[in-house]
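This is what each chain is made of:
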Protein chains: 2
Amino acid sequence: MIRISTKTQYGLRAMVYLAKNKKKTCSLKEISKAEKIPFDYLEKIVSRIEKSGLIESKRGSHGGYFLARSPSKVKTGEIVRVLEGREGLVSCIADKNGRKRNCPLSKKCLTKKFWLRIQNSLEKALNSITLANLIAK
Amino acid sequence: MIRISTKTQYGLRAMVYLAKNKKKTCSLKEISKAEKIPFDYLEKIVSRIEKSGLIESKRGSHGGYFLARSPSKVKTGEIVRVLEGREGLVSCIADKNGRKRNCPLSKKCLTKKFWLRIQNSLEKALNSITLANLIAK
DNA sequence: TTAAAACCGACTATTATTGTCGGTTTTAGT
DNA sequence: ACTAAAACCGACAATAATAGTCGGTTTTAA
Ligand code: FES
Ligand code: FES
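Counting restarts for each chain: residues are numbered from 1 in the order of the written sequence. All chains are assigned letters beginning with A, and all ligands numbers beginning with 1, in the order in which they are written. With the structure being a predicted model, the display of local features is reserved for residues of pLDDT at least 70 and the display and counting of side-chain atom pairs for 80 or more, all residues being used for whole-chain, interface and lining totals. Working from all heavy atoms in the structure, the side-chain values ignore hydrogens and water.

### Here's the deal with the protein's contact with DNA strand C
Our working rule: Definition of nearness: a residue and a molecule or strand are near each other if at least one heavy atom of the residue lies within 4 Å of the molecule or strand. Identification of polar contacts relies on pairs of N or O atoms within 3.5 Å, with a donor-acceptor requirement for protein atoms, meaning one able to donate a hydrogen and the other able to accept it, and with residues adjacent in sequence counted only if both atoms are side-chain atoms. Per the convention used, a helix needs a DSSP run of H or I reaching at least four residues, while a strand needs a run of E reaching at least two, with both numbered from the N terminus.
Around DNA strand C sit 30 residues, and of these A:Leu28, A:Glu43, A:Ser57, A:Tyr65 and B:Lys44 come closest. Measuring from a base oxygen of DNA strand C, one finds a side-chain N or O atom of B:Lys44 at 2.7 Å. Backbone polar atom of B:Gly60 to a base oxygen of DNA strand C: 3.3 Å apart, as the coordinates give it. Taken together, the elements giving at least two residues each to the surface near DNA strand C come down to helix 2 (28-35), helix 3 (39-52), strand 1 (55-58) and strand 2 (64-67) of chain A together with helix 1 (6-20) and helix 3 (39-52) of chain B.

Below is the structure:
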């Protein structure tokens, strides 16, 4: 089966943690401990998410991170997109620096539309679930 | 976006080629040329597919490969599964040597069920399309 | 003033992917 | 019987992606 990178899994776990604790700002140390994610790696991941605008930070002592929107407004697809980077399920599908190895077939290719269809279905699934859905139940 | 390996893309293209030419046995050379896939790499890929039983081979001069079943009986999901190997969209989901890094959370984890759900939706999409669907239209 | 935090860039290690090579075996055609 | 074309096989190599680490700087509350 296709694999989701552990980076993305870590990222989602961190986001879920923030959603569960949306009252306060959570430090990396706290998240790292609770979710058992290597501190330094988590930092890189969270920093990336922050740049995307999904979360915000407060610096200095007692600083930390918190969601920029309410959990019900954050689709899991957004998180995956930020962390997985790269456009396109396959390289032939247009690319925003996921490295498009320019395909010699393209026109005659019978598989391109297929992958596109799979990609759409995947995106639809991811975008139909929010952080709020995850922490409910 | 999550990426499908080029191995799997090559493999699907090869299968589509066999489906289009289901009358005859096709040599690797032929497929390799038509689909612009590196010969030696294609060999490895096709050999893997053959072991799975989706295609059969005929050795010796004038040998080649052909589909083991009719195109309408071959789900794209089967091809992807064979080539992508590994069970589970994420490592926490049970694994048939996709390397399960045993997860310390598991019980409390809110994301596992989510990934499982995505995986199911993906598999459903892949299994709803056959080689016959791809070569039609 | 200090300690805890975010922030940053460079670096390393490991693993996965993609591809190559040199052969052996099988088989149809001559 | 010989030859050429094919499948078959295992080991290797190059590259790229992932996962993780390190040594710092800056900001801020207490
Ligand atoms: S493989 Fe590139 S368009 Fe189909
Ligand atoms: S991260 Fe392993 S079960 Fe959720």
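### Observations concerning the pattern of salt bridges
The following threshold applies: What makes a salt bridge here is a side-chain nitrogen of Lys or Arg within 4 Å of a carboxyl oxygen of Asp or Glu, nothing more. Three labels apply to residues, based on accessible area from a 1.4 Å probe with only protein chains included: buried if under 20% of the type maximum, exposed if over 50%, partly exposed otherwise in between.
Tallying each qualifying case throughout the model produces six salt bridges over all chains. The closest approach of N and O atoms between A:Arg13 and A:Glu35, which form a salt bridge, is 3.1 Å. Taken together, the residues span a long stretch of sequence, with A:Arg13 in helix 1 (residues 6-20) and A:Glu35 in helix 2 at a distance of 22 residues. In this pair, the class of A:Arg13 matches that of A:Glu35, namely buried. Across the salt bridge formed by B:Glu78 and B:Arg69, the nearest N and O atoms sit 3.0 Å from each other. Assessed through its relative accessible area of 17%, B:Glu78 is described here as buried.

### Things to note about the packing of helix 2 of chain A against helix 3 of chain A
Residues and elements named next belong to chain A. Test applied: Axis definition: a line fitted to C-alpha atoms, over the contacting stretch in the case of helices. Angles run 0 to 180 degrees between N-to-C directions. Take the far helix as the reference: if the near one is turned anticlockwise from it by less than a right angle, the crossing is left-handed, and if turned clockwise, right-handed. By definition, residues are in contact when any of their heavy atoms lie within 4.5 Å. Residue type decides the class: Asp, Glu, Lys and Arg count as charged, Ala, Val, Leu, Ile, Met, Phe, Trp, Tyr, Cys and Pro as nonpolar, and the leftover types, Gly among them, as polar.
Remark: helix 2 packs on helix 3, axes separated minimally by 10 Å, with the N-to-C direction vectors making an angle of 115°. Relative to helix 3, helix 2 is oriented so that their crossing is right-handed. Contact residues: Leu28, Lys29, Ile31 and Ser32 in helix 2; Phe39, Leu42, Glu43 and Val46 in helix 3. Its residues placed into classes, the contact of helix 2 with helix 3 shows five nonpolar, one polar and two charged.

### Here's the deal with the protein's contact with DNA strand D
Every one of the 30 residues lining DNA strand D counts as a neighbour, but A:Lys44, B:Leu28, B:Glu43, B:Ser57 and B:Tyr65 are closest to it. Backbone atoms, meaning sugar and phosphate, form 66% of the atoms of DNA strand D found within 4 Å of the protein. Take A:Tyr10: an N or O atom from its side chain is 3.4 Å from a phosphate oxygen of DNA strand D. Measuring from a phosphate oxygen of DNA strand D, one finds a side-chain N or O atom of B:Ser57 at 2.5 Å. For the surface near DNA strand D, the per-class residue count stands at six nonpolar, eleven polar and 13 charged.

### Here we look at the relation of the copies chain B and chain A
As a reminder, the rule being used: The fit set for superposing copies consists of C-alpha atoms from residues with pLDDT of at least 70 in both; the fit itself is least squares.
With an RMSD of 0.0 Å, the fit of chain B onto chain A corresponds to turning through 180° and sliding 0.0 Å along the axis. What we have between these two chains is a two-fold relation. Rotation axis and chain B: the residue whose C-alpha lies nearest the axis is B:Leu122, separated from it by 3.1 Å.

### Topic: the interface of chain B and chain A
Quick note on the threshold: The term buried area means the drop in 1.4 Å probe accessible area that two parts suffer when joined, counted for both and summed.
Contacts between the two partners involve 48 residues from chain B and, on the opposite side, 49 residues from chain A. Taken together, the two surfaces of chain B and chain A that pack against each other cover about 4,600 Å², and 69% of this comes from carbon and sulfur. In terms of surface lost to chain A, no three residues of chain B exceed B:Met1, B:Ile2 and B:Arg3, which account for 20% of the buried area on that side. Put simply, chain B and chain A have zero salt bridges between them. Where chain B packs against chain A, one counts six residue pairs in polar contact (both at pLDDT 80 or more). Secondary-structure elements contributing two or more residues to the side of chain B that touches chain A are helix 1, helix 2 (28-35), helix 4 (76-84), helix 5 (112-127) and helix 6 (131-135) of chain B. Sort the elements by how many residues they give to the side of chain B that touches chain A and helix 5 of chain B lands first, with ten residues. When its residues are assigned to classes, the side of chain B that touches chain A shows 24 nonpolar, ten polar and 14 charged.

### Looking at the nonpolar core
Most often, soluble globular proteins keep nonpolar side chains buried together rather than apart. Definition in use: Only buried Ala, Val, Leu, Ile, Met, Phe, Trp, Tyr and Cys residues count toward a nonpolar core, and they belong to the same one when joined by side-chain atoms within 4.5 Å.
Among the nonpolar cores identified, the biggest contains 78 residues, and A:Met15, A:Leu131, B:Met15, B:Trp115 and B:Leu131 are the most heavily contacted of them. Leave out the neighbours within four places in its chain, and B:Leu131 touches B:Leu12, B:Met15, B:Val16, B:Ala19, B:Leu67, B:Pro71, B:Val74 and B:Ile79.

### Some details on the pairing of strand 1 (residues 55-58) of chain B
Residues and elements named next belong to chain B. For clarity, the threshold we go by: DSSP-based pairing: two strands are paired if at least 2 bridges between them are found.
With four bridges connecting them, strand 1 and strand 2 (residues 64-67) associate as antiparallel partners. Within the sheet, the bridge partner assigned to Ile55 lies in strand 2 and is Leu67. Between strand 1 and strand 2, which pair antiparallel and follow one another directly, the connecting turn spans five residues, one of which, Gly60, has a positive phi of 75°.

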